[in-house]
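Descriptive structure summary
Okay, here's what each chain looks like letter by letter:
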Amino acid sequence: MILVTGATGVVGRHLVELLLAEGVSVRAVTRDPAATLPDGVDAVVGDPSRPATLAAAMQGVHAVFVHPRAMGQGRDPGLIRESTGELLRLARDNGVTKAVAMSALNVDHPLDQQPSRLRGEYNKEVEAATVESGLQWTAVRPGYFATNTITSWAAQIRHGDVVRSAYGQSAWAPLHERDIAAVAAHALLHDDLAGHKPVLTGPEVLTQADMIDAIGKAIGRPLHYEEVPHEAARAAMARGGLPEPIIDGFLKMQAISYLQPGLVSKETENILGRPGLTFAQWAVEHAGAFTP
Ligand SMILES: NC(=O)c1ccc[n+]([C@@H]2O[C@H](COP(=O)([O-])OP(=O)(O)OC[C@H]3O[C@@H](n4cnc5c(N)ncnc54)[C@H](OP(=O)(O)O)[C@@H]3O)[C@@H](O)[C@H]2O)c1
């Protein structure tokens, strides 16, 4: 039995599906008693940031997926490290032998260059607690999620064909969330990633203009990218209803990426033994998010 935290989320939903497809028993954790989860899943209501709520759920489990956002947002980073440690102690005491944490490509970068920290997410602390847990561990370190483009631009794209954004030549290799989940599933099901921190990226580096072009093709409506100064991009995102820390996080990430070439790690492909899923494919699957 594998226990999955963050099971109702962007990565977690795919992870649950992939594990089920491998014939593995899955216990999916959610705080929401009304959450919809696939048939065949053992759904348990609990909050990983309050480990005692999952004490009974650890019984019969041999491996745990630790989702950093599910460890709580906006809490003190020290407390997040402590409660992740507590959750994994509880796991070990109940016979769990393996933990796979989702972390991030940038966890070793200077702390003020990690946009997730502006939102109160502490991937570094969750990863550290997993490494220190005494369990066999893997820390999966994904880079830029393709889903960030929904957060950044969907509101603008739903309302028109012009997308205004700053730092036009900033570039990343966007990752399909199913590939992140596939690597996590691999780490949970096999032992070759034990003690490793694989850095995951998508298969190709794309500028923001490239990504907007791919979204336009996916929704059958040519989109025009217009570079604007930092403050104008900030205002456009604010009009789309994004909270300020998220806007500042994205702009900071764009500004940093503007100065550095994007990175393609190829670890996704090496681990999965197949090509990584492309942004064009992701955009087709998520076209609905960009259409009114
Ligand atoms: N975006 C990027 O480019 C990027 C890159 C690298 C790493 N990351 C990291 O990846 C994580 C986000 O992954 P994701 O998109 O899969 O997450 P997500 O879908 O937003 O959240 C996963 C699940 O966590 C639970 N959750 C959400 N907020 C919570 C809170 N405040 N307290 C407790 N539980 C909460 C929810 O489950 P229930 O409601 O069912 O309990 C949710 O379904 C973040 O830690 C982020 O820093 C992101």
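Quantities reported herein were computed from a predicted structural model and do not represent experimental measurements. (Residues numbered from 1 in each chain as written. Predicted model: local features only at pLDDT ≥ 70, side-chain atom pairs only at ≥ 80, totals over all residues. Heavy atoms only, no water.)

1. Quick notes on the overall build of the protein chain
- Per the secondary structure count, the protein chain includes 11 helices and 11 strands.
- Over its C-alpha trace the protein chain gives a radius of gyration of 19 Å, about what one expects of a compact globule, namely 19 Å for 292 residues.
- Projected onto its principal axes, the C-alpha positions of the protein chain cover 55 × 35 × 35 Å.
- Within the protein chain, buried positions represent 53% of all 292 residues.
- Look at the contacts in the protein chain between residues 6 or more apart in sequence, and 77% of them connect residues 24 or more apart.
- For the protein chain, the accessible area works out to roughly 12,400 Å², and carbon and sulfur atoms hold 52% of it.
- In the protein chain, 25 side chains carry a positive charge and 32 a negative one; their mean positions are 2 Å apart. (Helix = DSSP H or I, 4+ residues; strand = E, 2+ residues; numbered from the N terminus. Rg over C-alpha atoms; globule rule 2.2 N^0.38 Å. Buried < 20%, exposed > 50% of the residue type's maximum accessible area, 1.4 Å probe, protein only. Contact = heavy atoms within 4.5 Å. Areas by Shrake-Rupley, 256 points an atom, 1.4 Å probe, with all protein chains shown as cover. Lys, Arg positive; Asp, Glu negative; His and termini not counted. Charge placed at Lys NZ, Arg CZ, Asp CG, Glu CD.)

2. Details of the UniProt feature "domain: NAD(P)-binding" (unreviewed entry) in the protein chain
- In the UniProt entry, the feature "domain: NAD(P)-binding" (unreviewed entry) is given for residues 6–189.
- The distance from the first to the last C-alpha atom of residues 6–189 is 18 Å, and the span holds 36% helix and 17% strand. (UniProt positions renumbered as here; feature names shortened; annotations may be inferred.)

3. Remarks on the site of the ligand
- T8, T30, R69, E121 and N148 are the nearest of the 24 residues found near the ligand.
- Between an oxygen atom of the ligand and a main-chain N or O atom of F145, the distance comes to 2.9 Å.
- When its residues are assigned to classes, the shell around the ligand shows 9 nonpolar, 12 polar and 3 charged. (Near = heavy atom within 4 Å. Polar contact = N/O pair within 3.5 Å; in protein donor to acceptor, adjacent residues only side chain to side chain. Nonpolar A, V, L, I, M, F, W, Y, C, P; charged D, E, K, R; others polar.)

4. Describing the layout of surface pockets
- Quantified by volume, the second largest pocket comes out at close to 200 Å³.
- If you trace the second largest pocket, you find it lined by L18, A21, E22, A182, A185, H186, L189, H190, I271, L272 and R274.
- Only α1 (10–21), α6 (177–189) and α10 (267–272) provide two or more residues apiece to the lining of the second largest pocket.
- Take the lining of the second largest pocket: its biggest share by element is 4 residues, from α6.
- Here the residues of the lining of the second largest pocket are counted per class, giving 7 nonpolar, 2 polar and 2 charged. (1 Å grid on protein atoms, 1.4 Å probe; cavity = no way out; pocket = protein on both sides within 12 Å on 5 of 7 lines; lining within 4 Å. Points joined across faces, edges and corners; volume = space filled by probe spheres on them.)

5. Comments concerning the packing of aromatic side chains
- Taken as a whole and judged by the stated rule, the model has 3 aromatic pairs.
- Seen in terms of ring centroids, F279 and W282 are 5.3 Å apart; in terms of plane orientation they differ by 20 degrees. Their pairing is stacked. Taken together, the residues span about one helical turn, with F279 and W282 both in helix α11 (residues 279–285) at a distance of 3 residues.
- Centroid distance W282 to F290: 6.1 Å. Interplanar angle 75 degrees. Geometry classified as edge-to-face.
- Here W282 falls in the buried class, since its relative accessible area comes to 0%. (Phe/Tyr/Trp six-rings, centres within 6.5 Å; stacked < 30°, edge-to-face > 60°.)

6. Quick notes on the side chain of T268
- Mapped onto the elements of the fold, T268 is located in helix α10.
- Among the polar contacts made by the side chain of T268, one reaches the main-chain carbonyl oxygen of T201 at a distance of 3.0 Å.

7. Here we look at the packing of α1 against α6
- As a packed pair, α1 and α6 sit with axes 8 Å apart at the nearest point and diverge in direction by 50 degrees. By the angle between their directions, the pair α1 and α6 is classed as oblique. Taken as a pair, α1 and α6 cross one another with a handedness that is right-handed. Of the residues in α6, those in contact with V10, V11, H14, L15, L18 and L19 of α1 are E177, R178, I180, A181, A182, A184, A185, L188 and L189.
- Its residues assigned to classes, the contact of α1 with α6 shows 12 nonpolar, 1 polar and 2 charged. (Axes fitted to C-alpha atoms, helices over the stretch in contact; angles between N-to-C directions. Parallel < 35°, antiparallel > 145°, perpendicular 65-115°, else oblique. Left-handed = near helix turned anticlockwise from the far one by under 90°.)

8. Examining the nonpolar core
- Counting 31 residues, the largest nonpolar core has W153, I157, M211, I215, L251, F279 and F290 as its most contacted members.
- If near-sequence neighbours (up to four positions away) are discounted, F279 is found in contact with A146, T149, P174, L206, M211, A214 and I215.
- Counting residues in each nonpolar core, the second largest holds 28 residues, with L37, V41, I180 and A181 among its members. (Core = buried A, V, L, I, M, F, W, Y, C linked by side-chain atoms within 4.5 Å.)

9. Quick word on the domain arrangement of the protein chain
- Each assigned domain of the protein chain is listed with its residue range as follows: domain 1 (2–142) and domain 2 (148–172 + 203–263 + 274–290).
- Measuring from the centre of the C-alpha atoms in domain 1 to the corresponding centre in domain 2 gives 28 Å.
- Taken together, the contacts link 6 residues of domain 1 with 8 residues of domain 2.
- Summing the contributions of domain 1 and of domain 2, the shared interface buries around 630 Å²; its carbon and sulfur component is 74%.
- The interface formed by domain 1 and domain 2 contains 0 salt bridges.
- Taken together, the links from domain 1 to domain 2 amount to 0 residue pairs in polar contact (both at pLDDT 80 or more).
- Classifying every residue of the side of domain 1 that touches domain 2 gives 3 nonpolar, 1 polar and 2 charged. (Domains from an automatic or database assignment. Buried area = accessible area lost by both parts, 1.4 Å probe. Salt bridge = Lys/Arg side-chain N within 4 Å of Asp/Glu carboxyl O.)

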